[in-house]
Amino acid sequence: MNRRTKTEYEVRRAVIALGLMLVAIAALGDVVADALAYYRPQILSGEIWRLLTAHLVHLNLRHAAMNATAIILLGWLVGSAASSARWRAIYALIAIGISCALLVANESLYRYVGASGVVHGLAVYGALRRLTVARVESSLLLAGVAVKLGYEQIAGGALSTEALIGGRVITDAHLYGAIIGLLIYAIHRGWHWRKTFRH
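Our subject in this report is the structure included herewith.

Parameters and conventions
Residues numbered from 1 in each chain as written. Predicted model: local features only at pLDDT ≥ 70, side-chain atom pairs only at ≥ 80, totals over all residues. Heavy atoms only, no water. Patch = residues over 30% accessible without salt bridge, like charges linked within 9 Å, V, L, I, M, F, W, Y side chains within 5 Å. Areas by Shrake-Rupley, 256 points an atom, 1.4 Å probe, with all protein chains shown as cover. Salt bridge = Lys/Arg side-chain N within 4 Å of Asp/Glu carboxyl O. Helix = DSSP H or I, 4+ residues; strand = E, 2+ residues; numbered from the N terminus. Buried < 20%, exposed > 50% of the residue type's maximum accessible area, 1.4 Å probe, protein only. Polar contact = N/O pair within 3.5 Å; in protein donor to acceptor, adjacent residues only side chain to side chain. Contact = heavy atoms within 4.5 Å. Expected span 1.5 Å × (residues − 1). Arc of directions from axis to C-beta. Axes fitted to C-alpha atoms, helices over the stretch in contact; angles between N-to-C directions. Parallel < 35°, antiparallel > 145°, perpendicular 65-115°, else oblique. 1 Å grid on protein atoms, 1.4 Å probe; cavity = no way out; pocket = protein on both sides within 12 Å on 5 of 7 lines; lining within 4 Å. Points joined across faces, edges and corners; volume = space filled by probe spheres on them. Nonpolar A, V, L, I, M, F, W, Y, C, P; charged D, E, K, R; others polar. Phe/Tyr/Trp six-rings, centres within 6.5 Å; stacked < 30°, edge-to-face > 60°.

### Some thoughts on a nonpolar patch on the surface
Here is step 1 of the chain: A cluster of nonpolar side chains, contributed by Ile 16, Leu 20 and Trp 76, occupies part of the molecular surface with about 310 Å² of accessible area.
Here is step 2 of the chain: Secondary-structure assignment places Trp 76 in helix H5 (residues 61–78).
Here is step 3 of the chain: By relative accessible area, which is 42% here, Trp 76 ends up partly exposed.

Put into structure tokens, the structure is as follows:
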């Protein structure tokens with residue numbers, strides 16, 4: 001097994017585990033969700049773990065299953081762009097970044113749960129990393145994310161999705177996630193170029 005194949009195998013195994021974990025956490029019910037969710041007053045009172053854990057809990061099992069499926073699909077599409085350890089770090093960075101953006105820019109938002117914002121960030125980061133080796137697939141993924149974000153900013157969240165998950169879609173979280181994914185990629189590329197020029 002070569003290095004790339006091993007990386008793809010490890011990432012795919014990791015995203016399946018993450019997807020199952022998201023569903024399992026959702027199955028534990030509202031008590032666990034409330035303990036981990038983004039609640040603006042509690043975060044401002046010092047419960048900073050919610051900046052990360054809000055993106056591991058969901059409104060219900062359907063909501064969790066949707067995001068788990070999206071994460072697993074991304075693992076197959078762009079998983080080889082980074083190691084499983086790096087993907088975990090990027091997941092955490094995007095999650096915390098979204099929560100911080102919500103605190104600053106969405107002061108009226110009291111509660112938030114879900115991994116969909118992180119999914120958008122992972123998609124952008126992964127597609128950009130894979131752009132040189134899988135141009136068509138990565139370009140289509142980036143275009144799809146861009147169109148979806150543009151539509152959501154104009155029309156809001158899809159009513160069918162809101163009916164399915166039983167709650168409002170926070171479209172700003174998707175936008176913040178995509179922007180943070182782009183920023184992480186830009187920082188990574190800048191660091192790579194800096195190391196290249198040093199040699």
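### Considering the side chain of His 55
Here is step 1 of the chain: Examined against the element boundaries, His 55 turns out to sit in the loop between helix H4 (50–53) and H5.
Here is step 2 of the chain: A polar contact is formed between the side chain of His 55 and the side chain of Ser 99, at a distance of 2.8 Å.
Here is step 3 of the chain: A distance of 3.4 Å separates a polar side-chain atom of His 55 from the backbone oxygen of Gly 114.
Here is step 4 of the chain: Not counting residues up to four positions away in its chain, the partners in contact with His 55 are Leu 22, Tyr 91, Ala 95, Ile 98, Ser 99, Tyr 112, Gly 114, Ala 115 and Val 118.

### As for H5
Here is step 1 of the chain: Here H5 is 18 residues long and its end C-alpha atoms lie 25 Å apart, about the 26 Å a rise of 1.5 Å per residue gives.
Here is step 2 of the chain: For H5, every residue scored as buried is listed here: His 63, Ala 64, Asn 67, Ala 68, Ile 71, Leu 74, Gly 75 and Val 78. With its buried residues spanning 125° around the axis, H5 presents them on a single face.
Here is step 3 of the chain: One side-chain oxygen at the N-terminal end of H5 lies 3.2 Å from the backbone nitrogen of Arg 62; it belongs to Asn 60.

### A closer look at the packing of H5 against helix H7 (residues 116–129)
Here is step 1 of the chain: Look at H5 against H7: their axes get within 10 Å of each other, and the N-to-C directions meet at 5°. When the axis of H5 is compared with that of H7, the two are roughly parallel. Together, Asn 67, Ala 70, Ile 71, Leu 74 and Val 78 of H5 and Ser 116, Val 119, Leu 122, Ala 123, Gly 126 and Ala 127 of H7 make up the contact between the two elements.

### A short note on the pattern of salt bridges
Here is step 1 of the chain: By the definition in use, this model includes three salt bridges.
Here is step 2 of the chain: Residue Asp 34 is joined to Arg 111 by a salt bridge in which the shortest nitrogen-to-oxygen separation is 3.2 Å. Separated by 77 residues along the polypeptide, Asp 34 in helix H2 (residues 30–36) and Arg 111 in strand E2 (residues 111–112) bring together distant segments of the chain.
Here is step 3 of the chain: Residue Arg 111 is classed as partly exposed on the basis of its relative accessible area, which comes to 27%.

### Remarks on the layout of surface pockets
Here is step 1 of the chain: Looking at the largest pocket, its volume works out to about 610 Å³.
Here is step 2 of the chain: Lining the largest pocket are 28 residues, with Asn 67, Ser 116, His 120, Lys 148 and His 174 positioned closest to its centre.
Here is step 3 of the chain: Elements supplying a minimum of two residues to the lining of the largest pocket: H5, E2, H7, helix H8 (135–155) and helix H9 (159–165).
Here is step 4 of the chain: Class assignment for the residues of the lining of the largest pocket results in 15 nonpolar, nine polar and four charged.
Here is step 5 of the chain: Size it by volume and the second largest pocket reaches roughly 340 Å³.
Here is step 6 of the chain: In terms of lining, the second largest pocket is formed by 19 residues, of which the most central are Val 15, Leu 18, Trp 87, Arg 88 and Tyr 91.
Here is step 7 of the chain: Broken down by secondary-structure element, the contributors of at least two residues to the lining of the second largest pocket are helix H1 (3–27), H5 and helix H6 (84–105).

### Things to note about the side chain of His 174
Here is step 1 of the chain: Here His 174 is to be found in helix H10 (residues 171–198).
Here is step 2 of the chain: The buried category is assigned to His 174, whose relative accessible area is 4%.
Here is step 3 of the chain: A polar contact of 3.5 Å, which involves the side chain of His 174, links it to the side chain of Lys 148.
Here is step 4 of the chain: Excluding residues within four positions of it along the chain, His 174 makes contact with Ser 116, Gly 117, His 120, Lys 148, Leu 149, Glu 152 and Val 169.

### Here's the deal with the packing of aromatic side chains
Here is step 1 of the chain: A full pass over the atoms with the stated rule returns two aromatic pairs.
Here is step 2 of the chain: Ring centres of Tyr 39 and Tyr 110 lie 5.4 Å apart, and the angle between their planes is 65°; this geometry places the pair in the edge-to-face category. Taken together, the residues span a long stretch of sequence, with Tyr 39 in strand E1 (residues 38–39) and Tyr 110 in the loop between H6 and E2 at a distance of 71 residues.
Here is step 3 of the chain: Ring geometry for Trp 87 versus Tyr 125: centroids 5.5 Å apart, planes at 85°, classification edge-to-face. One end of the pair, Trp 87, is in helix H6; the other, Tyr 125, is in helix H7, with 38 residues separating them in the sequence.
Here is step 4 of the chain: Note on Tyr 125: relative accessible area 1%, which makes it buried.

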